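# An overview of the molecular structure
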Amino acid sequence: MSASYDITVVGAGHAGCEAALAAARMGCSVLLVTLNGDKVAAMSCNPAIGGIGKGHIVREIDALGGQMAQVIDRTGIQFRLLNRRKGPAVRGPRAQADKASYSRRFKQVIESQQRLDLVQDEVLELLVSAGHVEGVRCLFRGEIATRSVIIAAGTFLAGMMHIGTDSFAGGRLGDPSSSELSRSLKRLGFELLRLKTGTPPRLDGRTIDFAKLTPQSGDEPPPKFSFVIPECNGNKVNCYLAKTTPKCHQIIRENLERSALFSGKITGIGIRYCPSIEDKIKKFPHRESHHIFIEPEGLATDECYANGFATSLPYDVQIAMLRAVPGLEEVKITRPGYAIEYDFIQPTNLHPWLETRRIAGLFLAGQINGTSGYEEAAGQGLIAGINAALKVRGDKPFVISRRESYIGVMIDDLVTFGCKEPYRMFTARSEHRLLLSADTADERLMGYGRQFGLISDEAYDSMMDRRRARAREMHALKRAHPKGQHAEFAGASLLELLRRPEVRYADLTDRFGFESNLSLADRDILEMQVKYEGYITREEKKLAGAAKLDKIRIPEGTDFQRVPGLRAEIRERLAESRPATLGAARRIPGMTPAALSVLSIHIAGRGSRGGTSKADELVPVVRRPPISAG
């Protein structure tokens, strides 16, 4: 073989970049292979990072020692906090990116990382011996020995793009697909299925009448993502809101048979929560308008992204329906919208640490696992990179729990339930979302990042200093009372007042004379902890009960067909999902308390013969110092 690496990462998208950086920073030699070296961490679709649920993941990536949050903070051009009027658990930061700057900065980070080589090539085949990956075969470099492989191929596995009646191979407009790797995976026994996603046309901003659109500005102060770096790039641009019209809808209806989606050319399953504009018109015929968010793609370009207007209609129809929108009467398209189909592998083929069950040393991350979105991909890439490095070291794998992170929720959903459609993160997917606020990701996860060597002692100590500062302020609020003439609050401490729905932290400082020593962000966290204390306590009790089941591991290779007392339907679902723990089995649809009890007894019986182990042995033990005011 021409070269040797500890880990080879296939694909330099958001998943591949996080995987490669994590593994290299943990001391492994890493080869990162991409089809196009000019499009590292490219934003193939929307020029934005974060959102509801997705923003939580980005904060968690940062707390674990990943890169995405730092890059978007340095290259973002508008920052907003979504769901600001709702409860703190479901508020999500979102940033508009300078798309070219984002990719360029990520590539700079990759190229400056020691033990990491970035090359432009195509991986054609996985080399496997005795059930373990041993190398890859590349188009130019030939065979390369490697101890682990992470496939993060995005939409490139046998990618096929559709614009109207025209179809052509590609993983992204202007880039080829990767069909040989798909064939290699099939030869190794993996069943490859098809999913579909789409993207809207890009518009020439010089041809848009912005005076007819509604401007949307960023928030001040801008809500940044990273806990590690001190500030973000700030707000540089406005986004704009446009609305479709009945005329636009009529043009779409008259041309539905020319859409790749409705003509039968597309067989893959699309994203339920991000449908094409023609799908919206078909499913919601009584809606008079739909929102289109016109988003700048960067500071050095006039191109704009038409968020909410994904389509696979022909180019001439795209022009006609856009020009039926007020403000877009003279618009020109710089790049057409299109649909894309690609191969994926059911994630039930994975262990909870993202290594395949079929081939040791082979990890999958991103859209190959059925997910959609940069953030979901990056979260998986980081976990895959950590675990590939742990495998090279000979250490036990890291399983991130759904009880402590949205990344854990996502991975547990994927490996337990699989995908019938592209998976997208929402806060509603977590049963413990009150404990998983985006603002507290550092407290929940920095201990792991520090243990893996991905978080510096300085960053960890800063997080602990903020926790202690909030504890001291909490203690001060217990002792403080309103200053001035506030007879109606006589005898009440400021802490008791803050528990009231109508009292905000600003009232303590502006109205009641309290001198706070916290930043605005830490005041928000403390206010949430005070106002939701009862709910948080109740959730923590539920969490403790769920944790017990998640610690009981189901032995690998358990034959569920031989477990006596289970209904055939439950056996089939267990065999399909192959849950790693009793907690995961409990979350399988149709699982009953009685069936769970039967399974528990069966596992205990095997344990008496030395067949079980605790699931928490897979998780590195992180000692979290108690919060105190000292």
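Residues numbered from 1 in each chain as written. Predicted model: local features only at pLDDT ≥ 70, side-chain atom pairs only at ≥ 80, totals over all residues. Heavy atoms only, no water.

## Some points on the overall build of the protein
Within the protein one finds 19 helices and 20 strands. Here the protein has a C-alpha radius of gyration of 26 Å; the compact-globule value for 630 residues is 25 Å, and the two agree. Across its three principal directions, the C-alpha atoms of the protein cover 75 × 75 × 50 Å. Put simply, of all contacts in the protein between residues at least 6 apart along the chain, 72% involve residues at least 24 apart. Working note: accessible area of the protein is about 26100 Å², and carbon and sulfur atoms make up 49% of it. If you average the places of the 88 positive and of the 74 negative side-chain charges in the protein, the two averages end up 4 Å apart. (Helix = DSSP H or I, 4+ residues; strand = E, 2+ residues; numbered from the N terminus. Rg over C-alpha atoms; globule rule 2.2 N^0.38 Å. Contact = heavy atoms within 4.5 Å. Areas by Shrake-Rupley, 256 points an atom, 1.4 Å probe, with all protein chains shown as cover. Lys, Arg positive; Asp, Glu negative; His and termini not counted. Charge placed at Lys NZ, Arg CZ, Asp CG, Glu CD.)

## Topic: the side chain of threonine 348
Positionally, threonine 348 belongs in the loop between β19 (338–345) and β20 (362–364). Leave out the neighbours within four places in its chain, and threonine 348 touches Arg357, Leu414, Val415, Thr416, Phe417, Gly418, Glu576, Ser577 and Arg578.

## A closer look at the pattern of salt bridges
Counted according to the given criterion, the structure contains 44 salt bridges. A salt bridge links arginine 467 to glutamate 443, with the nearest nitrogen and oxygen atoms 3.5 Å apart. Of the two residues, arginine 467 is situated in helix α12 (residues 457–479) and glutamate 443 in helix α11 (residues 441–451); the sequence distance between them amounts to 24 residues. By relative accessible area, which is 11% here, arginine 467 ends up buried. With relative accessibility at 16%, the residue glutamate 443 sits in the buried group. Residues joined by salt bridges that share partners form a network here, namely Arg402, Arg403, Asp412, Asp413, Glu431, Asp550 and Arg587. (Salt bridge = Lys/Arg side-chain N within 4 Å of Asp/Glu carboxyl O. Buried < 20%, exposed > 50% of the residue type's maximum accessible area, 1.4 Å probe, protein only.)

## What to know about the packing of helix α3 (residues 68–75) against helix α4 (residues 99–112)
Where α3 meets α4, the closest approach of the two axes is 9 Å, and the angle between their N-to-C directions is 135 degrees. It follows from the interaxial angle that α3 and α4 lie oblique. Crossing of α3 against α4: the hand is right-handed. Seen from α3, the contacting residues are Met68, Val71, Ile72, Arg74 and Thr75; seen from α4, they are Ser101, Tyr102, Arg105 and Phe106. Split into classes, the residues belonging to the contact of α3 with α4 amount to five nonpolar, two polar and two charged. (Axes fitted to C-alpha atoms, helices over the stretch in contact; angles between N-to-C directions. Parallel < 35°, antiparallel > 145°, perpendicular 65-115°, else oblique. Left-handed = near helix turned anticlockwise from the far one by under 90°. Nonpolar A, V, L, I, M, F, W, Y, C, P; charged D, E, K, R; others polar.)

## Some details on the sheet that holds strand β16 (residues 291–296)
One open sheet holds the six strands; their spatial order is β14-β15-β16-β17-β13-β18, and the pairing between them is antiparallel. Edge positions in the sheet fall to β14 (214–216) and β18 (333–335), since each of these pairs with one other strand and no more. In this sheet, neighbouring strand axes are inclined to one another by 35 degrees on average, regardless of whether the strands run parallel or antiparallel. Of the strand pairs in this sheet, strand β15 (residues 239–243) and β16 are connected by four bridges, and their pairing is antiparallel. The partner of leucine 241 across the bridge, within β16, is phenylalanine 293. (Pairing = 2+ DSSP bridges.)

## Brief notes about the nonpolar core
Counting 109 residues, the largest nonpolar core has Ile7 and Ile151 as the members making the most contacts within it. Sort the elements by how many residues they give to this core and helix α9 (residues 374–393) lands first, with eleven residues. Ranked by size, the runner-up nonpolar core spans 26 residues in total, among them Ile294, Cys304, Val317 and Val325. (Core = buried A, V, L, I, M, F, W, Y, C linked by side-chain atoms within 4.5 Å.)

## Quick notes on the pairing of strand β7 (residues 123–129)
In the sheet, β7 pairs with strand β8 (residues 132–138) via six bridges, with the strands oriented antiparallel. Within β8, the residue paired with valine 128 across the bridge is valine 133. In textbook terms, the turn of a hairpin is the stretch between consecutive antiparallel strands, and for β7 and β8 this stretch comprises two residues, one of which, alanine 130, has a positive phi near 50 degrees.

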